[in-house]
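Topology and contacts: notes
Each chain is listed here by its residues.
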Amino acid sequence: MAARDRSRRPPLPRILEELETEPVRQDWLLLTPGQRLVRAWRMRRLLKDPEALHDERSLPRL
Amino acid sequence: MKGLFRAFERERVEYLLIGGQAAILYGAAHFTQDLDLWIRPTSRNWRAFLSALGRVRARVHKLTPPASLRWVRRGHGFHFLIPQKGRLPAYLDAMGRPPRTGPFGEAARRSRRIDTPWGTLRVVSIEDLVRLKQTNRPGDYEVISRLVRIRLGELRSPSSGQMAWAVRNTFRIEDLTALLSEYGERVRMAAADGNKALARVIRAYQAGEIPSEAALGPAARALDLRMADLLEKGRRHWLPKIADLRALRAKGRLLPAGLPVARLLDE
(Lines give C-alpha, C1' and ligand atoms only; values in the text may rest on other atoms or scores of the structure.)
Protein backbone atom coordinates (compact mmCIF):
# COMPACT_ATOMS: atom_id res chain seq x y z
CA MET A 1 0.00 0.00 0.00
CA ALA A 2 1.49 3.34 -0.99
CA ALA A 3 2.08 6.04 1.60
CA ARG A 4 -0.70 8.61 1.45
CA ASP A 5 0.06 11.89 -0.25
CA ARG A 6 -1.44 14.71 1.82
CA SER A 7 -0.98 17.28 -0.92
CA ARG A 8 -3.60 15.58 -3.09
CA ARG A 9 -6.28 15.47 -0.42
CA PRO A 10 -9.07 17.99 -0.95
CA PRO A 11 -9.78 20.21 2.03
CA LEU A 12 -13.08 20.12 3.87
CA PRO A 13 -15.60 22.25 1.91
CA ARG A 14 -15.63 25.79 3.31
CA ILE A 15 -19.19 25.58 4.58
CA LEU A 16 -18.37 22.45 6.59
CA GLU A 17 -15.08 23.93 7.82
CA GLU A 18 -17.04 26.88 9.19
CA LEU A 19 -19.59 24.57 10.74
CA GLU A 20 -16.85 22.71 12.54
CA THR A 21 -15.31 25.78 14.11
CA GLU A 22 -18.21 28.14 14.69
CA PRO A 23 -19.58 28.34 18.20
CA VAL A 24 -22.59 26.15 18.88
CA ARG A 25 -25.71 28.13 18.06
CA GLN A 26 -28.60 28.19 20.44
CA ASP A 27 -31.01 26.95 17.74
CA TRP A 28 -28.80 23.88 17.28
CA LEU A 29 -29.09 23.10 20.98
CA LEU A 30 -32.85 23.49 20.83
CA LEU A 31 -33.13 20.62 18.35
CA THR A 32 -33.56 17.10 19.68
CA PRO A 33 -30.45 14.88 19.49
CA GLY A 34 -32.16 12.90 16.74
CA GLN A 35 -32.85 16.03 14.70
CA ARG A 36 -29.23 17.09 15.03
CA LEU A 37 -28.06 13.66 13.95
CA VAL A 38 -30.24 13.67 10.82
CA ARG A 39 -29.25 17.21 9.81
CA ALA A 40 -25.55 16.60 10.38
CA TRP A 41 -25.65 13.31 8.46
CA ARG A 42 -27.45 15.00 5.57
CA MET A 43 -24.62 17.51 5.26
CA ARG A 44 -22.34 14.70 4.13
CA ARG A 45 -23.90 15.18 0.70
CA LEU A 46 -21.86 18.36 0.39
CA LEU A 47 -18.64 16.37 0.44
CA LYS A 48 -16.97 15.99 -2.94
CA ASP A 49 -14.62 13.25 -1.84
CA PRO A 50 -15.77 11.68 1.45
CA GLU A 51 -13.21 8.89 1.20
CA ALA A 52 -10.29 11.31 1.01
CA LEU A 53 -11.69 13.28 3.93
CA HIS A 54 -12.21 10.18 6.04
CA ASP A 55 -8.75 8.84 5.28
CA GLU A 56 -7.11 12.17 6.00
CA ARG A 57 -8.76 12.49 9.38
CA SER A 58 -9.14 8.94 10.59
CA LEU A 59 -6.33 6.82 9.22
CA PRO A 60 -2.86 6.92 10.70
CA ARG A 61 -0.08 8.24 8.49
CA LEU A 62 2.32 5.40 7.79
CA MET B 1 -27.81 3.52 9.30
CA LYS B 2 -30.97 2.25 10.91
CA GLY B 3 -30.18 -1.15 9.44
CA LEU B 4 -26.75 -1.17 11.06
CA PHE B 5 -28.07 -0.45 14.54
CA ARG B 6 -30.90 -2.95 14.04
CA ALA B 7 -28.24 -5.54 13.18
CA PHE B 8 -26.39 -4.60 16.38
CA GLU B 9 -29.56 -5.28 18.34
CA ARG B 10 -30.12 -8.62 16.65
CA GLU B 11 -26.56 -9.71 17.32
CA ARG B 12 -26.64 -8.19 20.81
CA VAL B 13 -23.55 -6.13 20.11
CA GLU B 14 -22.30 -4.16 23.09
CA TYR B 15 -21.13 -0.85 21.67
CA LEU B 16 -20.86 2.80 22.57
CA LEU B 17 -21.13 5.64 20.11
CA ILE B 18 -18.10 7.90 20.48
CA GLY B 19 -16.44 10.60 18.35
CA GLY B 20 -18.14 13.23 16.26
CA GLN B 21 -21.59 11.62 16.16
CA ALA B 22 -21.67 11.50 19.94
CA ALA B 23 -20.62 15.18 20.03
CA ILE B 24 -23.46 15.99 17.60
CA LEU B 25 -26.02 14.17 19.76
CA TYR B 26 -24.92 16.26 22.74
CA GLY B 27 -25.04 19.44 20.62
CA ALA B 28 -21.28 20.15 20.74
CA ALA B 29 -20.57 19.61 17.04
CA HIS B 30 -22.38 20.31 13.78
CA PHE B 31 -20.80 17.91 11.36
CA THR B 32 -18.84 14.70 11.14
CA GLN B 33 -18.12 12.53 8.16
CA ASP B 34 -18.01 9.13 9.84
CA LEU B 35 -19.20 6.93 12.65
CA ASP B 36 -16.93 5.98 15.54
CA LEU B 37 -17.74 3.08 17.82
CA TRP B 38 -16.24 1.56 20.94
CA ILE B 39 -16.90 -2.16 20.83
CA ARG B 40 -16.61 -4.21 24.03
CA PRO B 41 -13.40 -6.17 23.46
CA THR B 42 -14.54 -9.69 24.24
CA SER B 43 -14.43 -12.64 21.90
CA ARG B 44 -18.22 -13.09 21.77
CA ASN B 45 -18.90 -9.42 21.30
CA TRP B 46 -16.28 -8.84 18.62
CA ARG B 47 -17.69 -11.76 16.66
CA ALA B 48 -21.22 -10.40 17.11
CA PHE B 49 -20.00 -7.04 15.83
CA LEU B 50 -18.48 -8.62 12.71
CA SER B 51 -21.69 -10.64 12.18
CA ALA B 52 -23.73 -7.44 12.35
CA LEU B 53 -21.40 -5.80 9.82
CA GLY B 54 -21.78 -8.87 7.62
CA ARG B 55 -25.57 -8.48 7.73
CA VAL B 56 -25.33 -4.95 6.32
CA ARG B 57 -22.77 -6.00 3.67
CA ALA B 58 -19.97 -3.94 5.15
CA ARG B 59 -16.52 -4.09 3.59
CA VAL B 60 -13.10 -3.62 5.06
CA HIS B 61 -11.59 -0.20 4.42
CA LYS B 62 -7.90 0.70 4.41
CA LEU B 63 -5.15 0.18 7.00
CA THR B 64 -7.11 -2.39 8.97
CA PRO B 65 -5.18 -5.04 10.93
CA PRO B 66 -6.31 -8.68 11.13
CA ALA B 67 -9.73 -8.79 12.77
CA SER B 68 -8.63 -10.92 15.71
CA LEU B 69 -9.03 -10.01 19.36
CA ARG B 70 -5.26 -9.68 19.71
CA TRP B 71 -5.23 -6.56 17.54
CA VAL B 72 -8.47 -5.27 19.04
CA ARG B 73 -6.93 -5.43 22.52
CA ARG B 74 -3.79 -3.68 21.35
CA GLY B 75 -5.92 -0.60 20.78
CA HIS B 76 -6.01 -0.59 16.99
CA GLY B 77 -8.65 1.10 14.89
CA PHE B 78 -10.66 -1.02 12.44
CA HIS B 79 -12.04 0.73 9.40
CA PHE B 80 -15.13 -0.33 7.48
CA LEU B 81 -17.33 0.92 4.70
CA ILE B 82 -21.11 0.54 5.06
CA PRO B 83 -23.04 0.68 1.79
CA GLN B 84 -26.20 2.78 1.88
CA LYS B 85 -28.89 2.54 -0.75
CA GLY B 86 -28.85 5.58 -3.03
CA ARG B 87 -26.53 7.47 -0.68
CA LEU B 88 -22.86 7.90 0.00
CA PRO B 89 -21.39 4.92 1.83
CA ALA B 90 -20.76 5.46 5.51
CA TYR B 91 -17.30 5.13 7.04
CA LEU B 92 -17.26 3.27 10.32
CA ASP B 93 -14.22 3.27 12.59
CA ALA B 94 -14.29 0.82 15.49
CA MET B 95 -12.02 0.30 18.44
CA GLY B 96 -12.02 -2.11 21.34
CA ARG B 97 -9.65 -0.07 23.49
CA PRO B 98 -9.83 3.60 22.66
CA PRO B 99 -7.16 5.83 24.22
CA ARG B 100 -7.47 7.52 27.61
CA THR B 101 -10.44 5.43 28.72
CA GLY B 102 -10.94 2.82 31.41
CA PRO B 103 -12.80 -0.45 31.02
CA PHE B 104 -15.73 -0.67 28.62
CA GLY B 105 -18.08 -1.87 31.38
CA GLU B 106 -17.60 1.25 33.46
CA ALA B 107 -18.06 3.55 30.46
CA ALA B 108 -21.19 1.58 29.54
CA ARG B 109 -22.60 2.18 33.03
CA ARG B 110 -22.00 5.92 32.63
CA SER B 111 -23.35 5.99 29.07
CA ARG B 112 -26.70 7.38 27.96
CA ARG B 113 -29.41 5.91 25.78
CA ILE B 114 -30.48 8.50 23.24
CA ASP B 115 -33.51 8.14 20.97
CA THR B 116 -32.79 8.90 17.32
CA PRO B 117 -34.30 7.99 13.95
CA TRP B 118 -31.59 5.28 13.80
CA GLY B 119 -32.99 3.70 16.98
CA THR B 120 -32.11 4.13 20.63
CA LEU B 121 -28.34 4.52 20.61
CA ARG B 122 -25.86 3.90 23.42
CA VAL B 123 -23.68 6.99 23.68
CA VAL B 124 -20.65 7.55 25.92
CA SER B 125 -21.10 10.03 28.73
CA ILE B 126 -19.94 13.59 28.17
CA GLU B 127 -17.11 13.07 30.67
CA ASP B 128 -15.83 10.04 28.74
CA LEU B 129 -16.26 11.83 25.43
CA VAL B 130 -14.14 14.71 26.75
CA ARG B 131 -11.34 12.23 27.58
CA LEU B 132 -11.67 10.63 24.14
CA LYS B 133 -11.48 14.01 22.46
CA GLN B 134 -8.11 14.87 24.05
CA THR B 135 -6.50 13.85 20.77
CA ASN B 136 -3.64 15.08 18.62
CA ARG B 137 -6.08 17.25 16.61
CA PRO B 138 -6.33 20.89 17.80
CA GLY B 139 -9.93 21.19 16.52
CA ASP B 140 -11.09 18.60 19.06
CA TYR B 141 -10.30 20.99 21.92
CA GLU B 142 -13.02 23.38 20.73
CA VAL B 143 -15.46 20.49 20.89
CA ILE B 144 -14.23 19.74 24.44
CA SER B 145 -14.93 23.35 25.49
CA ARG B 146 -18.47 23.06 24.13
CA LEU B 147 -19.04 19.68 25.80
CA VAL B 148 -17.95 21.17 29.12
CA ARG B 149 -20.36 24.09 28.76
CA ILE B 150 -23.20 21.77 27.77
CA ARG B 151 -22.51 19.47 30.74
CA LEU B 152 -22.42 22.38 33.18
CA GLY B 153 -25.68 23.61 31.69
CA GLU B 154 -27.27 20.25 32.51
CA LEU B 155 -26.22 20.44 36.15
CA ARG B 156 -28.38 22.65 38.31
CA SER B 157 -25.72 23.08 40.90
CA PRO B 158 -22.29 21.81 39.81
CA SER B 159 -20.10 20.58 42.66
CA SER B 160 -16.57 21.85 43.22
CA GLY B 161 -15.33 18.53 41.77
CA GLN B 162 -17.37 19.07 38.61
CA MET B 163 -16.09 22.64 38.38
CA ALA B 164 -12.50 21.43 38.74
CA TRP B 165 -13.18 19.00 35.85
CA ALA B 166 -14.55 21.94 33.82
CA VAL B 167 -11.49 24.12 34.50
CA ARG B 168 -9.12 21.23 33.67
CA ASN B 169 -10.88 20.84 30.33
CA THR B 170 -10.79 24.49 29.36
CA PHE B 171 -8.04 25.41 26.92
CA ARG B 172 -8.62 29.01 25.89
CA ILE B 173 -8.36 32.02 28.17
CA GLU B 174 -11.67 33.43 26.91
CA ASP B 175 -13.40 30.15 27.81
CA LEU B 176 -11.77 30.18 31.25
CA THR B 177 -12.84 33.75 31.99
CA ALA B 178 -16.38 33.01 30.76
CA LEU B 179 -16.49 29.95 33.01
CA LEU B 180 -15.17 31.82 36.02
CA SER B 181 -17.45 34.80 35.58
CA GLU B 182 -20.44 32.45 35.58
CA TYR B 183 -19.37 29.90 38.19
CA GLY B 184 -16.38 31.56 39.92
CA GLU B 185 -17.69 31.13 43.43
CA ARG B 186 -17.94 27.35 42.95
CA VAL B 187 -14.38 26.91 41.71
CA ARG B 188 -11.86 25.87 44.38
CA MET B 189 -8.15 26.63 44.11
CA ALA B 190 -7.44 22.91 43.63
CA ALA B 191 -8.79 23.32 40.08
CA ALA B 192 -5.58 25.21 39.25
CA ASP B 193 -3.61 21.98 39.84
CA GLY B 194 -0.82 23.95 41.47
CA ASN B 195 -0.37 26.29 38.51
CA LYS B 196 0.27 29.75 39.94
CA ALA B 197 -0.91 31.66 36.86
CA LEU B 198 -4.26 29.86 36.81
CA ALA B 199 -4.59 30.19 40.58
CA ARG B 200 -4.13 33.96 40.29
CA VAL B 201 -6.99 34.26 37.80
CA ILE B 202 -9.27 32.00 39.85
CA ARG B 203 -8.47 34.03 42.98
CA ALA B 204 -9.38 37.27 41.21
CA TYR B 205 -12.82 35.94 40.24
CA GLN B 206 -13.39 34.58 43.72
CA ALA B 207 -12.72 38.09 45.06
CA GLY B 208 -15.21 39.51 42.57
CA GLU B 209 -12.47 41.25 40.57
CA ILE B 210 -11.65 41.27 36.88
CA PRO B 211 -8.12 39.88 36.46
CA SER B 212 -5.53 42.21 34.94
CA GLU B 213 -3.85 41.69 31.59
CA ALA B 214 -0.69 40.88 33.54
CA ALA B 215 -2.55 37.99 35.17
CA LEU B 216 -4.37 36.80 32.06
CA GLY B 217 -1.26 36.55 29.85
CA PRO B 218 0.54 33.90 31.93
CA ALA B 219 -2.74 32.02 32.46
CA ALA B 220 -3.31 31.93 28.68
CA ARG B 221 0.21 30.52 28.24
CA ALA B 222 -0.46 27.91 30.93
CA LEU B 223 -3.58 26.79 29.05
CA ASP B 224 -1.63 26.68 25.76
CA LEU B 225 1.02 24.51 27.39
CA ARG B 226 -1.60 22.18 28.85
CA MET B 227 -3.18 21.73 25.45
CA ALA B 228 0.20 21.24 23.77
CA ASP B 229 1.01 18.54 26.32
CA LEU B 230 -2.25 16.70 25.57
CA LEU B 231 -1.72 17.06 21.80
CA GLU B 232 1.73 15.52 22.19
CA LYS B 233 0.39 12.67 24.36
CA GLY B 234 -2.32 12.10 21.76
CA ARG B 235 0.32 11.92 19.03
CA ARG B 236 2.54 9.55 21.01
CA HIS B 237 -0.35 7.21 21.71
CA TRP B 238 -0.41 6.25 18.04
CA LEU B 239 3.29 5.64 17.54
CA PRO B 240 3.31 1.93 18.59
CA LYS B 241 0.12 1.34 16.57
CA ILE B 242 1.73 2.91 13.51
CA ALA B 243 4.78 0.68 14.02
CA ASP B 244 2.45 -2.37 14.18
CA LEU B 245 0.67 -1.29 10.99
CA ARG B 246 3.96 -0.76 9.15
CA ALA B 247 5.11 -4.23 10.17
CA LEU B 248 1.78 -5.78 9.14
CA ARG B 249 1.91 -3.98 5.81
CA ALA B 250 5.46 -5.15 5.19
CA LYS B 251 4.35 -8.75 5.82
CA GLY B 252 1.22 -8.32 3.68
CA ARG B 253 -0.97 -9.03 6.69
CA LEU B 254 -3.23 -5.96 6.60
CA LEU B 255 -6.77 -6.88 5.62
CA PRO B 256 -7.34 -6.17 1.94
CA ALA B 257 -9.44 -3.03 1.36
CA GLY B 258 -12.79 -4.00 -0.15
CA LEU B 259 -12.95 -7.43 1.50
CA PRO B 260 -16.55 -8.23 2.51
CA VAL B 261 -16.69 -8.48 6.31
CA ALA B 262 -18.84 -11.61 5.99
CA ARG B 263 -15.75 -13.37 4.63
CA LEU B 264 -13.87 -12.68 7.88
CA LEU B 265 -16.41 -14.82 9.72
CA ASP B 266 -15.61 -17.81 7.52
CA GLU B 267 -11.98 -17.81 8.68
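Below is a short write-up of the structure.

Calculation criteria
- Residues numbered from 1 in each chain as written.
- Chains lettered and ligands numbered in written order.
- Predicted model: local features only at pLDDT ≥ 70, side-chain atom pairs only at ≥ 80, totals over all residues.
- Axes fitted to C-alpha atoms, helices over the stretch in contact; angles between N-to-C directions.
- Helix = DSSP H or I, 4+ residues; strand = E, 2+ residues; numbered from the N terminus.
- Parallel < 35°, antiparallel > 145°, perpendicular 65-115°, else oblique.
- Left-handed = near helix turned anticlockwise from the far one by under 90°.
- Contact = placed C-beta atoms within 7 Å.
- Nonpolar A, V, L, I, M, F, W, Y, C, P; charged D, E, K, R; others polar.
- Core = buried A, V, L, I, M, F, W, Y, C linked by C-beta atoms within 7 Å.
- Buried ≥ 20, exposed ≤ 12 C-beta atoms within 10 Å, placed from the backbone.
- Domains from an automatic or database assignment.
- Pairing = 2+ DSSP bridges.
- Arc of directions from axis to C-beta.

1. Re the packing of helix 10 (residues 196-206) of chain B against helix 11 (residues 213-237) of chain B
All names here are of chain B. As a packed pair, helix 10 and helix 11 sit with axes 8 Å apart at the nearest point and diverge in direction by 130°. Relative to helix 11, the element helix 10 is oriented oblique. Read as a crossing pair, helix 10 and helix 11 show a hand that is left-handed. From helix 10, A197, L198, R200, V201 and A204 reach across to helix 11, where they touch A215, L216, P218, A219 and A222. For the contact of helix 10 with helix 11, the class distribution of residues is nine nonpolar, no polar and one charged.

2. Let's talk about the nonpolar core
Residues and elements named next belong to chain B. In terms of nonpolar packing, the biggest core is built from 82 residues, with L37, V124 and L147 touching the most fellow members. No other element matches the six residues that helix 3 (residues 43-55) contributes to this core. Shared between two domains, this core takes at least three residues from each, and those domains are domain 1 (2-125 + 238-266) and domain 2 (139-237). In this structure, L147 is in contact with A23, Y26, A28, I126, L129 and V130, ignoring residues within four places of it in sequence.

3. A few points about the interface of chain B and chain A
Contacts between chain B and chain A engage 30 residues on the former and 25 residues on the latter. Among the secondary structure elements, those contributing two or more residues to the side of chain B that touches chain A are helix 2 (19-26), strand 5 (87-95), strand 6 (112-116), helix 7 (139-154) and helix 12 (239-250) of chain B.

4. Regarding the pairing of strand 1 (residues 15-18) of chain B
Residues and elements named next belong to chain B. Burial along strand 1 is two-sided: Y15 and L17 and L16 and I18, pointing in opposite directions, are all buried. Pairing geometry for strand 1 and strand 2 (residues 34-39), over four bridges, is antiparallel. Within strand 2, the residue paired with Y15 across the bridge is I39.

5. Thoughts on unusual backbone geometry
What you tend to see is this: most non-glycine residues have negative phi, and most peptide bonds are trans. Residue and element names in this part refer to chain B. Even without a glycine there, the phi angle at R57 is positive, about 60°. Considering the arrangement of structural elements, one finds R57 in the loop between helix 3 and strand 3 (59-60). By the C-beta count within 10 Å, which is 13 here, R57 ends up partly exposed. You will see that D193, though not glycine, has its phi angle at about 50°, which is positive.

6. Details of helix 2 of chain B
Burial analysis of helix 2 of chain B places eight of its eight residues in the buried class, which makes it a mostly covered element. Downstream of helix 2 of chain B by one or two residues, G27(B) has phi in the positive range, about 95°.

7. Description of helix 3 (residues 33-42) of chain A
Every buried residue belonging to helix 3 of chain A is among R36(A), L37(A), A40(A) and W41(A), and all of these are buried. Buried positions in helix 3 of chain A, seen along its axis, are confined to an arc of 125° and lie on one side of it. In this structure, the buried side of helix 3 of chain A is in contact with helix 2 (26-30) of chain A together with helix 2 and strand 6 of chain B.

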